[in-house]
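Chain by chain, the residues run as shown.
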Amino acid sequence: MRYFLDTEYNGFGGQLLSIALAPEHGDQEFYATFPLPDDLHPWVVRHVVPYLQTVPPSMHQQMSFLDAGAELARYLAHDAQPVIVADWPDDIAYFCSLLTPSPGEIVPVGSIAFLMMRTPGFSTAANSSVPHNALHDARALRDFALEEDTFAK
């Protein structure tokens with residue numbers, strides 16, 4: 001199954017602030033936030049931080065990077081061939097960084113495929129019900145991809 005990925009982070013190359021996966025089918029989504037760094041980028045303070053918790057309380061989990069990797073492994077464990085779809089390369093890089101908790105180690109995941117989907121003219125934030133919230137943006141990417149039948153082309 002395909003899982004649509006979005007992340008929010010503290011400016012270009014900055015610390016990961018949140019991550020979300022919206023599955024192609026069903027409603028079992030993944031969302032996690034991380035402790036905020038002291039040196040937040042001003043744009044992030046205005047456009048991301050106020051929306052980090054705009055998800056149902058049962059879904060909002062603040063965790064460590066180490067715990068998030070383990071939770072991602074548990075979340076994907078039921079799927080023998082997950083495909084992680086993103087529209088920005090940094091999203092994939094941040095996702096992968098959670099899978100490697102320390103040098104030479106990887107969380108217990110099987111094979112994972114990644115698809116970096118170009119979306120010219122489409123903005124997840126502009127089409128999201130809560131712009132710059134990773135879960136809402138992941139849902140917007142999923143809806144766009146499925147509506148456009150992107151995978152059939």
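See the structure printed just above.
What counts, and at which threshold
Sequence order sets the numbering: in each chain, residues are counted from 1 along the sequence as written. In keeping with the predicted nature of the model, local features appear solely for residues at pLDDT of at least 70, side-chain atom pairs appear and are counted solely at 80 or more, and the whole-chain, interface and lining totals rest on all residues. Only hydrogens and water are set aside; all other atoms, that is, all heavy atoms of the structure, feed into the side-chain values. Pairing between strands requires that DSSP locate at least two bridges from one strand to the other. For helices the rule is a DSSP run of H or I covering at least 4 residues; for strands it is a run of E covering at least 2, with both sets numbered from the N terminus onward. Lines fitted to C-alpha atoms define the axes here, with helix axes fitted over just the stretch in contact, and angles between the N-to-C directions of these axes take values from 0 to 180 degrees. For every residue, the accessible area obtained with a 1.4 Å probe (protein chains only) is divided by the maximum for its type, and the residue is called buried under 20%, exposed over 50%, and partly exposed between those limits. The directions from the helix axis to the C-beta atoms form the arc being described. The contact criterion used is simple: two residues touch if any of their non-hydrogen atoms lie within 4.5 Å. Note on aromatic pairs: the rings of Phe, Tyr and Trp (six-membered ring only in Trp) are paired at centre separations within 6.5 Å, and the planes decide the class, stacked below 30 degrees, edge-to-face beyond 60, tilted for the rest.

Bringing the sheet that holds strand β4 (residues 83-86) into the picture now. Strand order in the open sheet made by the five strands is β3-β2-β1-β4-β5, with mixed pairing throughout. Here the strands that pair on one side only, and so sit at the sheet edges, are β3 (30-33) and β5 (113-116). Direction aside, neighbouring strands of the sheet carry axes that sit 20° apart on average. Sheet topology note: the strand β1 (residues 2-9)/strand β2 (residues 16-23) ladder contains seven bridges and is antiparallel. Across the sheet, E8 pairs through a bridge with S18, a residue of β2.

Attention now goes to helix α3 (residues 89-99). Of the positions making up α3, those classed as buried are D91, I92, Y94, F95, L98 and L99. Around the axis of α3, the buried residues are gathered within 165° of arc, so they sit on the same side. Buried residues belonging to α3 abut β1, β2, α2 (65-76), β4 and β5.

To continue, consider the packing of aromatic side chains. By the definition in use, this model includes six aromatic pairs. Between F34 and F65, the aromatic rings sit 4.7 Å apart at their centres with planes inclined by 20°, giving stacked as the arrangement. Of this pair, F34 sits in the loop between β3 and α1 (42-47) while F65 is found in helix α2, placing the two residues 31 residues apart along the sequence. The exposure class assigned to F34 is buried, which follows from its relative accessible area of 1%.

Our next topic: the pairing of β2. Within β2, eight of the eight residues are buried, which leaves it mostly tucked inside the rest of the structure. Counting the residues in the hairpin turn of β1 and β2 gives six residues, including G11, whose phi is positive at 75°. Note: β2 against β3, four bridges, orientation antiparallel. Directly across from A20, in β3, lies its bridge partner Y31. Counting the residues in the hairpin turn of β2 and β3 gives six residues, including G26, whose phi is positive at 85°.

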